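Structural overview
Chain residues, written in single-letter form:
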Amino acid sequence: MKVLHVEAGRHLYGGPAQVLLLLRGLRAEGVENVLVCPEGSAIAAASPAAQLRQVPLRGEIDVAGVPRLRRIIRQTSPDIVHLHSRRGADWIGGLASLRLGIPVVLSRRVDNRESRLLATAKYALVDRIIAISHAIYNVLHEAGVGQEKLVCVPDAVPPSASFPRDRQWLEQRFGVPPNVRLIGVIAQLIERKGHRVLINALPDIVRRHPDVRVMFFGDGRNRAALQQAIDDAGLNSVVTMPGFCDELERVLPNIDLVVHPALREGLGVAVLEALQAGLPVVASAAGGIPEAVIDGKSGLLVPPADAAALAKAVNSILADATLASALGHGGRATVAANFSAEKMVAGNLAVYRTV
């Protein structure tokens with residue numbers, strides 16, 4: 001079986017990282033992969049298990065992308081086209097595949113709602129839609145997409161590298177002072193990830209736990225605005241923004257708590273990574289997050305945009321080492337049971353065979 005994948009993301013954030021994990025798993029199952037991705041993108045540099053086709057991909061208004069991708073499809077003769085990205089890949093990929101007689105699969109990663117008119121037009125171009133969470137599945141079904149087109153295959157995390165705790169390395173690598181407790185936020189610096197909610201909650205958290213420090217791992221267009229919010233709140237000594245980190249497996253064992261205050265979220269790969277690392281997690285009950293963070297078992301859930309509730313949940317974990325340990329153990333068990341790479345790869349393969 002040969003599958004042509006289209007991923008338009010330039011950086012190795014959650015979506016492209018999942019594509020990379022899928023490509024490697026598919027190759028191990030004997031699938032031949034072709035990956036169409038932007039020129040100079042991070043996924044291209046990460047040695048994906050695929051034949052690379054690096055091309056300009058300029059989003060939904062990239063009219064020239066349709067004939068360009070159509071030529072690649074004809075040249076490579078795949079059995080299936082799998083579209084992985086919203087940034088135009090859904091429209092461009094669907095139109096490029098039109099009337100070629102090749103089944104088209106689309107992975108849907110976000111939980112934002114679409115009008116029935118838009119959904120009808122867009123999803124008529126594909127044969128199956130893989131929702132990475134039940135929350136996304138429900139959003140699509142409510143928009144009028146028939147259940148015969150929908151299937152849920154959750155995201156996954158690869159087996160952990162099991163780095164030991166090494167606070168001295170972390171302190172030297174990121175300039176972290178000794179004898180502090182670390183809260184990590186692992187997300188793009190964009191509005192829907194909810195960083196401002198945690199900033200608003202921090203005065204109460206720091207008042208009760210003055211040894212707390214916070215690290216925003218990630219980058220994005222809101223960086224300057226978030227720095228201004230940190231400055232305005234007088235939290236410069238508490239919050240740092242080290243940027244995108246490609247050493248998370250080594251970082252996570254040295255963090256005490258992960259907070260994911262997203263306002264909207266398809267599922268949250270960063271949440272899965274934290275759970276797998278055995279960390280207690282406080283997250284908002286947005287989108288597909290509650291499918292991974294089981295309240296009171298693998299983490300604590302709070303209403304989205306509720307800074308007071310977020311502060312209360314964080315304070316309860318910081319004050320109770322037994323609770324923190326129990327949630328960490330529950331998170332590991334949840335990921336092992338439901339979010340393994342093997343299950344994700346098998347789920348995608350099953351969709352391919354169906355179409």
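Our subject is the structure that appears above.
Below is a summary of the structure that appears in this document. (Residues numbered from 1 in each chain as written. Predicted model: local features only at pLDDT ≥ 70, side-chain atom pairs only at ≥ 80, totals over all residues. Heavy atoms only, no water.)

**Section: the sheet that holds strand β11 (residues 257–260)**
Taken in spatial order, the six strands make up an open sheet running β10-β9-β8-β11-β12-β13, and their pairing is parallel. Either end of the sheet is taken by a strand with one partner, and the two such strands are β10 (239–243) and β13 (300–302). Pairwise comparison of adjacent strand axes, ignoring direction, gives a mean angle of 25 degrees for this sheet. Pairing geometry for strand β9 (residues 212–217) and β10, over three bridges, is parallel. Each residue of the ladder has a partner; that of Val214, found in β10, is Val239. Set on the sheet, helix α9 (residues 223–232) makes contact with β9 and β10; between it and β10 the angle comes to about 160 degrees. (Pairing = 2+ DSSP bridges. Helix = DSSP H or I, 4+ residues; strand = E, 2+ residues; numbered from the N terminus. Axes fitted to C-alpha atoms, helices over the stretch in contact; angles between N-to-C directions. Contact = heavy atoms within 4.5 Å.)

**Overview of the pattern of salt bridges**
Oppositely charged side chains can pair when the atoms bearing their charge come close. By the definition in use, this model includes 16 salt bridges. Between Glu191 and Arg196 there is a salt bridge, with the nearest N and O atoms lying 3.4 Å from each other. Residues Asp219 and Arg223 are paired through a salt bridge, measuring 3.6 Å at the closest nitrogen-oxygen approach. Here Arg223 falls in the partly exposed class, since its relative accessible area comes to 29%. Here the salt bridges share partners, and the residues they tie into one network are Asp90, Arg108, Glu114 and Lys122. (Salt bridge = Lys/Arg side-chain N within 4 Å of Asp/Glu carboxyl O. Buried < 20%, exposed > 50% of the residue type's maximum accessible area, 1.4 Å probe, protein only.)

**Focus: empty space enclosed by the protein**
Scanning the entire structure with this criterion turns up three cavities of 30 Å³ or more. Taken as a whole, the largest cavity encloses approximately 90 Å³ of empty space. Lining the largest cavity are 13 residues; nearest its centre among them are Ser107, Arg109, Asp155, Met344 and Asn348. When contributions to the lining of the largest cavity are tallied by element, the ones reaching two or more residues are α1 (14–28) and α14 (341–354). Top contributing element to the lining of the largest cavity by residue count: α1, with three residues. (1 Å grid on protein atoms, 1.4 Å probe; cavity = no way out; pocket = protein on both sides within 12 Å on 5 of 7 lines; lining within 4 Å. Points joined across faces, edges and corners; volume = space filled by probe spheres on them.)

**Notes on the nonpolar core**
Leu4, Leu69, Phe174, Phe217, Val251, Val258 and Val281 are the most contacted members of the largest nonpolar core, which totals 62 residues. Among the elements that make up this core, the one with the highest residue count is helix α11 (residues 269–276) (six residues). When residues no more than four places from it in sequence are discounted, the contact partners of Phe174 are Trp169, Met215, Phe217, Pro242, Cys245 and Val251. Grouped together as the second largest cluster of nonpolar side chains are 35 residues, Leu189, Val206, Val214 and Val239 included. (Core = buried A, V, L, I, M, F, W, Y, C linked by side-chain atoms within 4.5 Å.)

**Brief notes about the packing of aromatic side chains**
Tallied over the entire structure, the rule returns three aromatic pairs. Between Phe174 and Phe217, the ring centres sit 5.6 Å apart and the planes meet at 80 degrees, which makes this aromatic pair edge-to-face. Placement of Phe174 in helix α7 (residues 167–174) and of Phe217 in strand β9 is noted, with a sequence separation of 43 residues between them. Grouping aromatic residues by their ring pairs yields a cluster made of Trp169, Phe174 and Phe217. Above the ring of Phe174, the side-chain terminus of Arg173 is found at 4.5 Å from the ring centroid. (Phe/Tyr/Trp six-rings, centres within 6.5 Å; stacked < 30°, edge-to-face > 60°. Lys NZ or Arg CZ within 6 Å of the ring centre and 35° of its normal.)

**Topic: the layout of surface pockets**
When its volume is computed, the second largest pocket comes out at roughly 250 Å³. In terms of lining residues, the second largest pocket is bounded by 17 residues, among which Ile255, Asp256, Gly278, Leu279 and Pro280 are the most central. Elements supplying a minimum of two residues to the lining of the second largest pocket: α12 (307–318) and α13 (321–338). The element contributing the most residues to the lining of the second largest pocket is α13, with four residues.

**Topic: the packing of helix α8 (residues 195–208) against α12**
At a minimum axis distance of 8 Å, the contact between α8 and α12 shows a crossing angle of 40 degrees. Relative to α12, α8 is oriented oblique. Crossing geometry of α8 relative to α12 is assigned as right-handed. Along its contact with α8, which presents Val197, Leu198, Asn200, Ala201, Asp204, Ile205 and Arg208, the element α12 presents Ala307, Leu310, Ala311, Val314, Asn315 and Leu318. For the contact of α8 with α12, the per-class residue count stands at nine nonpolar, two polar and two charged. (Parallel < 35°, antiparallel > 145°, perpendicular 65-115°, else oblique. Left-handed = near helix turned anticlockwise from the far one by under 90°. Nonpolar A, V, L, I, M, F, W, Y, C, P; charged D, E, K, R; others polar.)

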